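# Analysis of the macromolecular model
The chain contents come next:
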Amino acid sequence: LSTVRNYDAQTISPIKSEDSSKEKMEKIFKWCFKQDAHPINKTLAEAQYNFFNRLNFIHKKIAEAPKDFDDISCLQTEVVADITQFFCCFTDVLCALYPIFSSEEGRVFLTSRLSEATYKPIYKHLMDVNCFIKDDELSYFKRYLERNSIKTISEFTGIKEKYYLGENPYHEACDLLKQLVESTSPIRKLELILMFGKQISLCIRDYYLNSVGVSEEEASEKAKIGGDDLAPIVVYVITKANIPRLLNELYLLTDITPDSDMIGSEGYCLLTTLMVVQTVVAEERATEPGPGKDQDQDQNQDQDQDQDQDQDQDQDQDQ
């Protein structure tokens, strides 16, 4: 704190008294992160360098000793925990240095910008490691999408006809999922997950209001959808979005989101969406007979053949 305050005291502040609070926050953030010499920017760069080297070490371990799965998983968990803790502590430091960020509006602004700045250089490497750890589930999810993404909404079980919504239904919700995987900011991803949950209801409301022509009150009533009706629609949207890496995104986002954020509406939407995808993966896994099932089938066939032979022998003795 003293290092930053000394640096700021020796330089000319870009903030003007007539600036609005948002303009002040914008200038302070640029002031801290657009100057290579600023201690705040140096601190972030050093942390990112540390995290990058640790992730690079995990990548080498995956290439050289992929069978050390437990060790690799443990290393990844430690890195993710340290990144999450760094982000929370770094946010607190900036709030202490610049009180304008301590307000509710200021903290929202700061966490949003800081999330992008912190994770952008390392997010892809986190995804790659997580992809190795979750490879089994990801392969089943990819196979599920390959088999089902071309289906129409009427071919999905559990969706009532009143929620079919004409041609290309729920495409706005699909677009939100595509934006989610393109972003490198966990905070932005949480915002998009929350918007995704609300967008399905908005799609239903807009369809009945604009295409069917019912009153606004009736359209809003139809958009009040329960969990039993919502889940199969979420399955449809996730399937039509056809994003194989979505499951990996949801797992990683769950890991790097602080516990304080997981208890809110964003965390609820994130876990609900993840559970839906996990259910799809479990059902896809169940459709593939494993080695144990093949052996059981072979044993049953052998037993049937033995019983047939015994019956033939009994018939010969009777004759």
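Above this text you will find the structure in question.
Description of the structure in this document. (Residues numbered from 1 in each chain as written. Predicted model: local features only at pLDDT ≥ 70, side-chain atom pairs only at ≥ 80, totals over all residues. Heavy atoms only, no water.)

This brings us to the overall build of the chain. Assigned secondary structure in the chain consists of 15 helices and zero strands. Going through the 319 residues of the chain one by one, you find that 39% of them count as buried. Relative to all contacts within the chain whose residues are 6 or more apart in sequence, the contacts with residues 24 or more apart total 71%. Per element, the accessible surface of the chain, about 18200 Å² overall, is 49% carbon and sulfur. (Helix = DSSP H or I, 4+ residues; strand = E, 2+ residues; numbered from the N terminus. Buried < 20%, exposed > 50% of the residue type's maximum accessible area, 1.4 Å probe, protein only. Contact = heavy atoms within 4.5 Å. Areas by Shrake-Rupley, 256 points an atom, 1.4 Å probe, with all protein chains shown as cover.)

Its location among the elements puts Q76 in helix α4 (residues 69-97). Its relative accessible area of 4% is what places Q76 among the buried residues. Residues contacting Q76, with those up to four places away along its chain left out, are I58, V129, N130, I133 and L252.

Turning to the packing of α4 against helix α5 (residues 104-119), a few remarks are in order. When two helices pack together, their arrangement is given by the angle between their axes and by how far apart the axes lie. Two elements in contact, α4 and α5, have axes separated by 11 Å at closest approach and are oriented at 135°. The orientation of α4 with respect to α5, classified from their angle, is oblique. Pair α4 / α5 crosses with right-handed handedness. Contacts between α4 and α5 pair I83, T84, F86, F87, F90, T91, D92, L94 and C95 from the former with R107, L110, T111, L114, S115, T118 and Y119 from the latter. (Axes fitted to C-alpha atoms, helices over the stretch in contact; angles between N-to-C directions. Parallel < 35°, antiparallel > 145°, perpendicular 65-115°, else oblique. Left-handed = near helix turned anticlockwise from the far one by under 90°.)

Attention now moves to the nonpolar core. If you look at the biggest cluster of nonpolar residues, it comprises 89 residues, and the most contacted ones within it are F33, Y98, F141, Y170, I200, V237 and L246. No other element matches α4, which puts eleven residues into this core. With near-sequence residues (within four places) excluded, F141 lies in contact with I238, I243, P244, L246, L247, V277 and V281. (Core = buried A, V, L, I, M, F, W, Y, C linked by side-chain atoms within 4.5 Å.)

So, about the state of the cysteines. Using the criterion set out here, one finds zero disulfides in the structure. C88 forms no disulfide, and the closest cysteine sulfur to it belongs to C89, at a distance of 6.8 Å. Under the relative-accessibility criterion, C89 is labelled partly exposed at 42%. (Disulfide = S-S within 2.5 Å.)

Before going further, it helps to spend a moment on the packing of aromatic side chains. Scanning all chains against the criterion turns up twelve aromatic pairs. Summarising the aromatic geometry, the rings of F86 and F90 are spaced 5.0 Å apart at their centres and angled 20° between planes, so their arrangement reads as stacked. A residue pair is termed a helical-turn pair when its members lie 3 or 4 positions apart in one helix, as F86 and F90 do in helix α4 at four residues. Judged on exposure class, the residue F86 and its partner F90 are both buried. Between Y98 and F101, the aromatic rings sit 6.4 Å apart at their centres with planes inclined by 85°, giving edge-to-face as the arrangement. With respect to burial, Y98 and F101 carry one shared label: buried. In this structure an aromatic cluster arises from ring pairing among F29, F33, F51, F86, F90, Y98, F101 and F109. (Phe/Tyr/Trp six-rings, centres within 6.5 Å; stacked < 30°, edge-to-face > 60°.)

Positive phi values are uncommon outside glycine, yet Y170 reaches one of about 60°. Mapping Y170 onto the fold places it in the loop between α7 (135-148) and α8 (171-182). Classification of Y170 by relative accessible area gives buried; the value is 1%. Phi angles above zero are rare outside glycine, and N242 is one such case at about 55°. Secondary-structure assignment places N242 in the loop between α11 (227-241) and α12 (246-256).

Examined against the element boundaries, K61 turns out to sit in helix α3 (residues 39-64). Setting aside chain neighbours within four positions, we find K61 in contact with P66, D68, D71, I72 and L75.

Next up on the list: α7. When the terminal C-alpha atoms of α7 are compared, their 20 Å separation across 14 residues agrees well with the 20 Å that a helix rising 1.5 Å per residue should span. Every buried residue of α7 is accounted for by L138, Y140, F141, Y144, L145 and N148. Along the axis of α7, the buried positions cluster into a sector of 160°, meaning they face one direction only. (Expected span 1.5 Å × (residues − 1). Arc of directions from axis to C-beta.)

A few words now on the pattern of salt bridges. Evaluation of the coordinates by the stated rule reveals 16 salt bridges. Where D71 meets K61, a salt bridge forms, and the shortest distance between an N and an O atom there is 3.2 Å. With D71 in helix α4 and K61 in helix α3, this residue pair connects regions lying ten residues apart in the sequence. You can call D71 partly exposed: its relative accessible area is 36%. (Salt bridge = Lys/Arg side-chain N within 4 Å of Asp/Glu carboxyl O.)

A separate point is α11. For α11, spanning 15 residues, the distance from its first C-alpha to its last is 21 Å, which sits close to the expected 21 Å at 1.5 Å a residue. When we look at burial in α11, the residues that qualify are D229, P232, I233, V234, V235, Y236, V237, I238, T239 and A241. Where the residues of α11 are buried, they touch α7, α8, α9 (186-212), α12 and α14 (265-286).

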